[in-house]
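Below are the chains, spelled out letter by letter.
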Amino acid sequence: MRPRAWCGVLAVVALSATACGGGESKKSDDAGAAKAGFPVSVSDCAGAKTTFDAAPKRIVTSNAAALELLMWLGAGDKVAGTGFPPGKGTVPQQFADQAAKVPVLGKKVIPKEKLLGSGADLYVDSFSSMKNMGGMGMAPTAEEFKAAGISHVYLKSTACASMSKAARTDLSGVEADIEELGKVTGTSARATELVAGMRKKTDAVRDALKDVPDAKRPSYFFFDYDAGTKQPMAVCNRQVANAVITQAGARNVFADCAGDFKPVDWESVVAKNPDWIQLGVRNRGSEEANRKAFDEAADFLRTFPATKDLKAVKEGHFLRIGSERTTIAGVRSADTVREIAHTVHPDRVK
């Protein structure tokens, strides 16, 4: 983190000389940081550590997911810019006005030069690399981040998903991200409260379904309508959607796929013949537009020769739950678990 330098003309009026350097002021700062839980060390996907001696003052986020999480933590006022800004209606209503005021540094990935020149002291990254997200140019190197005075941390439940060695079947990784970012931003108490609220919801689902064997849990296909209909995109077992689906008491039909996302073919989907299909539609910005998009996705499945005879299609077993709430990790992931569980196990999850 960049050192804090504060010393001004007010010192000659009201402050002693020690207020502008070491002495009592430094002791007070150190005591305040210690009280807030600093220093704090966090690791990246490869295990390299970054240490924070105090909470950051200016934060840039890679996308709307990281931005929303900071708002849930109460640190939204520190956000100085974002990439992949939230679309209309995509963040919770209580954060809509605040989110709209955040400067957009990139409609998609933030250009390297703009990120390094943002004046931020922290970059919260939801991606494994900018290059992987189709960004403009390469991501800054660790040396370039350091030279710009920017600490770089990852939301590992998303950024490190493809590198995970095991399938993700619960929201523990998401909860760990919330707790870690809470420590970094000095909002640990709020993070603890958020995680407790999530666990209350998911624990209730777990308890309601505890005596339902895996074989009796319905099979489930997440249909990413916006990724294209010519070749479907499967969510694999490292993606947070697999955790959401599994914790909701369903069986992801592509849970045998290691990784996060993978293009498949319609023959593979037909062979799985899922009990339920989620119409994964990205938020269009209004209820009317979303309803139209969900209708279009359902109509495609009903009329497409390869899918019209699937069990879920014939029985109308569709879930109209947005893509972002399922495939992007966050506080609302627990709500999605509960919504899916209620739909596929209505007699158990109220």
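Engineer: Got a minute to help me understand the state of the cysteines in this structure?
Structural biologist: Two cysteines, two sulfur atoms, one covalent bond between them: this is a disulfide. Scanning all chains against the criterion turns up two disulfides. One disulfide bridge connects Cys45 with Cys160, the sulfur atoms lying 2.0 Å from each other. Here the disulfide of Cys45 and Cys160 is left-handed, its torsion about the S-S bond being about -85°. Note that Cys45 is positioned in the loop between β1 (40–43) and β2 (49–52) and Cys160 in the loop between α7 (156–159) and α8 (172–184), a separation of 115 residues in sequence. By relative accessible area, which is 11% here, Cys160 ends up buried. Across a sulfur-sulfur distance of 1.8 Å, Cys236 and Cys257 are joined as a disulfide pair. The sign of the 60° torsion about the S-S bond sets the Cys236-Cys257 disulfide as right-handed. Remark: Cys257 occurs in the loop between β10 (251–252) and β11 (261–263) and Cys236 occurs in the loop between β9 (233–235) and α10 (240–247); sequence separation between them is 21 residues. Ordinal numbering of bonded cysteines along the chain defines a disulfide pattern of 1-2, 3-4.

Engineer: Can you help me understand the sheet that holds strand β3 (residues 59–61) in this one?
Structural biologist: Across a sheet, paired strands are connected by hydrogen bonds in the backbone, their directions being either parallel or antiparallel. The five strands are arranged β5-β4-β3-β6-β7 in an open sheet whose pairing can be described as parallel. In this open sheet, the two strands that pair with only one neighbour each are β5 (104–106) and β7 (151–154). Here the strands of the sheet are splayed against their neighbours by 25° on average, with no regard to which way each runs. Direction of pairing for β3 relative to strand β6 (residues 122–125): parallel, over a ladder of three bridges. Across the sheet, residue Val60 finds its bridge partner in β6, namely Tyr123. Set on the sheet, helix α3 (residues 64–73) makes contact with β3, β4 (79–83) and β6; between it and β4 the angle comes to about 150°.

Engineer: How should I be thinking about the pattern of salt bridges in this particular structure?
Structural biologist: Side-chain pairing between opposite charges can occur once the charged atoms of the two side chains come close. According to the stated counting rule, one finds 18 salt bridges in the structure shown. Glu193 is the partner of Arg190 in a salt bridge, and the nearest nitrogen-oxygen pair spans 3.0 Å. Placement of both Arg190 and Glu193 in helix α9 (residues 188–209) is noted, with a separation of three residues, approximately one turn of the helix. Linked through salt bridges whose partners overlap, the residues forming this network are Lys201, Asp335 and Arg338.

Engineer: Would you mind showing me how to read the sheet that holds strand β13 (residues 318–319) here?
Structural biologist: Spatially, β10-β8-β12-β13 is the arrangement adopted by the four strands of the open sheet, whose pairing is parallel. The sheet is open, and its two edges are formed by β10 and β13, each paired on a single side. The sheet contact formed by strand β8 (residues 219–224) and strand β12 (residues 276–280) spans five bridges and is parallel. Note on β12: the bridge partner recorded for Phe222 is Gln278. Relative to β12, helix α12 (residues 287–303) is tilted by about 135°, and along the sheet it contacts β8, β12 and β13.

Engineer: What is the right way to read unusual backbone geometry from this model?
Structural biologist: Glycine aside, residues mostly have negative phi angles, and peptide bonds mostly take the trans form. Following Phe38, the chain continues to Pro39 via a peptide bond in cis, the omega torsion being 0°. Structurally, the position occupied by Pro39 is in the loop between α2 (23–35) and β1. Its identity as a non-glycine residue notwithstanding, Phe84 has a phi of 40°, on the positive side. Among the secondary structure elements, Phe84 is positioned in the loop between β4 and α4 (96–100).

Engineer: Which parts of the structure should I look at to understand the confidence of the model for the chain?
Structural biologist: Do not read the fine detail of predicted coordinates wherever pLDDT is low. Scored by pLDDT, the chain comes out at a mean of 89, with 87% of its residues at no less than 70. Predicted confidence is poor over residues 129–136, with pLDDT under 50, and the contacts of this stretch with residues over four places away or in other chains come to 15 contacts.

Engineer: In this structure, what is going on with the packing of α3 against α8? I would like to understand it.
Structural biologist: Two quantities define a packed helix pair, namely the angle between the axes and the distance from one axis to the other. Axis separation between α3 and α8 bottoms out at 11 Å; the angle between their running directions is 65°. Considering the angle they form, α3 stands roughly perpendicular to α8. The handedness of the crossing between α3 and α8 is right-handed. In this structure, α3 contributes Leu69, Leu70 and Leu73 to the contact, and α8 contributes Ile178, Leu181 and Gly182. The class makeup of the residues in the contact of α3 with α8 is five nonpolar, one polar and no charged.

Engineer: Looking at this structure, how should I read α3?
Structural biologist: Residues separated by three or four positions in an α-helix point in the same direction, a consequence of the helix having 3.6 residues per turn. Burial within α3 is extensive, with ten of its ten residues counted as buried. What α3 keeps buried is the set Ala64, Ala65, Ala66, Leu67, Glu68, Leu69, Leu70, Met71, Trp72 and Leu73. Close packing links the buried residues of α3 with β3, β4, α4, β6, α8 and α9. Note on α3: the residue one or two positions beyond its end, Gly74, has a positive phi of about 85°.

Cut-offs applied
Residues numbered from 1 in each chain as written. Predicted model: local features only at pLDDT ≥ 70, side-chain atom pairs only at ≥ 80, totals over all residues. Heavy atoms only, no water. Disulfide = S-S within 2.5 Å. Helix = DSSP H or I, 4+ residues; strand = E, 2+ residues; numbered from the N terminus. Buried < 20%, exposed > 50% of the residue type's maximum accessible area, 1.4 Å probe, protein only. Pairing = 2+ DSSP bridges. Axes fitted to C-alpha atoms, helices over the stretch in contact; angles between N-to-C directions. Contact = heavy atoms within 4.5 Å. Salt bridge = Lys/Arg side-chain N within 4 Å of Asp/Glu carboxyl O. pLDDT = per-residue confidence, 0-100. Parallel < 35°, antiparallel > 145°, perpendicular 65-115°, else oblique. Left-handed = near helix turned anticlockwise from the far one by under 90°. Nonpolar A, V, L, I, M, F, W, Y, C, P; charged D, E, K, R; others polar.

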